[in-house]
Amino acid sequence: MSNATSQNETVHRVSFLDRDSVNIPILKILQADGTVYEKAVLPAIDEALAHKIYDTCVFTRVLDERMLGAQRQGRISFYMTCTGEEASIIGSAASLDNDDVILAQYREHAALRYRGFTTEQFMNQLFSNEKDLGKGRQMPIHYGSSELNYQTISSPLATQIPQATGVGYSLKMQGKRNIAICYFGEGAASEGDFHAGLNMAAVLKSPTIFFCRNNGYAISTPTSEQFMGNGIASRGPGYGMHTIRVDGNDMLAVLAATQQARAYAVENNAPVLIEAMTYRLGAHSSSDDPSGYRSKDEEAKWQQHDPVKRFKLWMINKGWLTEKQDSELFEKYRSEVLAEVKVAEKLPMSSVDTLIEDVYDTPTPRLKQQLETLKTHIKKYPKSYPNSEGSV
């Protein structure tokens, strides 16, 4: 008889469990007006950390505003915003060690910024120019940086979840006191990779934080049409995993939960599941129109829970920020982003020759042949490939 079975209570009448059998509390520390709940236990945070967090919030808001506008102008092909979910992403990223490995979905550019990704690097990726670290091979917002331990984003949902289990397990096998953190939305938690990844992490005791941003919608599908269980957190105990649900718009609650989750993962070489309850204030992507599936009243309600405003008010209450400093920070980044856009969009694309690099140590004869065929095609129809003609 297994340990799990031997610990079970014995009953002699039929008694089923349902979705309400387990009550999952939600951690809240910071109220909407910037004051702290009575008896709340604050995370480890000082003025310097608070300023770095808020600086990242402001940059991310400005980047999203400017680059969504650039997409609408036809300057880039695609964009996805982080608006409304900044506390979930930045609060968790601020709880990590720089050698912890981040595996993101596609809305976590704020975590990359917190790690030190420059405005120029963001622009180079979004415009897929010759300075892009990904050599122009990815669509916009699919960032990656080996220097910052941020693995390159993949478009298919949930592929990063079992990969994160492997990364965490690798860190453990190397004897490092570091973890992997894996971000995903509640929609991705409906993929098979979620279940395989979490079960594998629990069994192998992989030090990995699985961070679910439950923002209410998988593109246009509301949570009520995705699952009937008690959110995503209810699945954690089923895999034998430490689990917590947190207010994803509360920067301090996310910071506290992730700090302690990381400490547990490191000390016990074990995974943790965090479900952050938040809301996507913007569209799913620049290709989406949310007015087709949610009301303006719903969006207005969630605007009152703006995580950036909440954290700003807390900093003002602490005497760590003024309205003037806040306005100056926004203006600084608006000017900086606009200036970098003008530079990045004028740089040439990566050379077509780079297409066959990084596949094999030495390109095969077949790859070389295919490259020459491509070059011939582009030269024959230059008007059809205006961005690539000069790179042949």
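Residues numbered from 1 in each chain as written. Predicted model: local features only at pLDDT ≥ 70, side-chain atom pairs only at ≥ 80, totals over all residues. Heavy atoms only, no water.

1. Looking at the packing of helix α2 (residues 47-72) against helix α11 (residues 323-344)
Here comes step 1: At their nearest, the axes of α2 and α11 sit 9 Å apart, and the two run at 45° to each other. Our classification of the angle between α2 and α11 gives oblique. Remark: the crossing between α2 and α11 carries right-handed chirality. Facing Tyr-54, Asp-55, Val-58, Phe-59, Arg-61, Val-62, Glu-65, Arg-66 and Met-67 of α2, the residues of α11 in contact are Asp-326, Leu-329, Phe-330, Tyr-333, Arg-334, Val-337 and Val-341.
Here comes step 2: By residue class, the composition of the contact of α2 with α11 is ten nonpolar, no polar and six charged. (Axes fitted to C-alpha atoms, helices over the stretch in contact; angles between N-to-C directions. Helix = DSSP H or I, 4+ residues; strand = E, 2+ residues; numbered from the N terminus. Parallel < 35°, antiparallel > 145°, perpendicular 65-115°, else oblique. Left-handed = near helix turned anticlockwise from the far one by under 90°. Contact = heavy atoms within 4.5 Å. Nonpolar A, V, L, I, M, F, W, Y, C, P; charged D, E, K, R; others polar.)

2. Focus on the packing of aromatic side chains
Here comes step 1: A complete count under the given rule lists twelve aromatic pairs for this structure.
Here comes step 2: Centroid distance Phe-117 to Tyr-143: 6.1 Å. Interplanar angle 70°. Geometry classified as edge-to-face. Of this pair, Phe-117 sits in the loop between α4 (109-115) and α5 (119-127) while Tyr-143 is found in the loop between α5 and β3 (150-151), placing the two residues 26 residues apart along the sequence.
Here comes step 3: Centre to centre, the rings of Tyr-279 and Trp-302 are 4.9 Å apart; their planes meet at 5°, and the pair counts as stacked. Of the two residues, Tyr-279 sits in the loop between β9 (272-277) and α9 (296-303) while Trp-302 sits in helix α9, which places them 23 residues apart along the sequence.
Here comes step 4: Tyr-279 gets classed as buried once you look at its relative accessible area, which sits at 3%.
Here comes step 5: Accessibility expressed as a relative area gives 24% for Trp-302, which makes it partly exposed.
Here comes step 6: Put simply, the rings of Phe-59, Phe-117, Phe-122, Tyr-143 and Tyr-333 touch in pairs and so form one group of aromatic residues.
Here comes step 7: Taking NZ or CZ as reference, Arg-113 lies 3.6 Å from the ring centre of Phe-59, over its face. (Phe/Tyr/Trp six-rings, centres within 6.5 Å; stacked < 30°, edge-to-face > 60°. Buried < 20%, exposed > 50% of the residue type's maximum accessible area, 1.4 Å probe, protein only. Lys NZ or Arg CZ within 6 Å of the ring centre and 35° of its normal.)

3. With respect to unusual backbone geometry
Here comes step 1: Residues other than glycine seldom take positive phi values, yet Lys-39 does so here, at roughly 70°.
Here comes step 2: Within the secondary structure layout, Lys-39 lies in the loop between β1 (26-27) and α2.
Here comes step 3: What makes Lys-39 exposed here is its relative accessible area of 76%.
Here comes step 4: Look at Lys-135: it is not a glycine, yet its phi comes out positive at around 60°.
Here comes step 5: Looking at the secondary structure, you find Lys-135 in the loop between α5 and β3.
Here comes step 6: According to the relative accessible area criterion, Lys-135 is partly exposed, its value standing at 27%.

4. Regarding the pattern of salt bridges
Here comes step 1: In total, this model carries 25 salt bridges according to the counting rule given.
Here comes step 2: Note that Asp-247 and Lys-28 form a salt bridge whose closest N and O atoms lie 3.2 Å from each other. Of this pair, Asp-247 sits in strand β8 (residues 242-247) while Lys-28 sits in the loop between β1 and α2, and the two are 219 residues apart along the sequence.
Here comes step 3: Here Glu-323 ties to Lys-312 by a salt bridge, and the two come within 2.9 Å at their closest N and O atoms. Here Lys-312 lies in helix α10 (residues 307-318) and Glu-323 lies in helix α11, a separation of eleven residues in the sequence.
Here comes step 4: When its relative accessible area of 15% is taken as the criterion, Lys-312 is described as buried. (Salt bridge = Lys/Arg side-chain N within 4 Å of Asp/Glu carboxyl O.)

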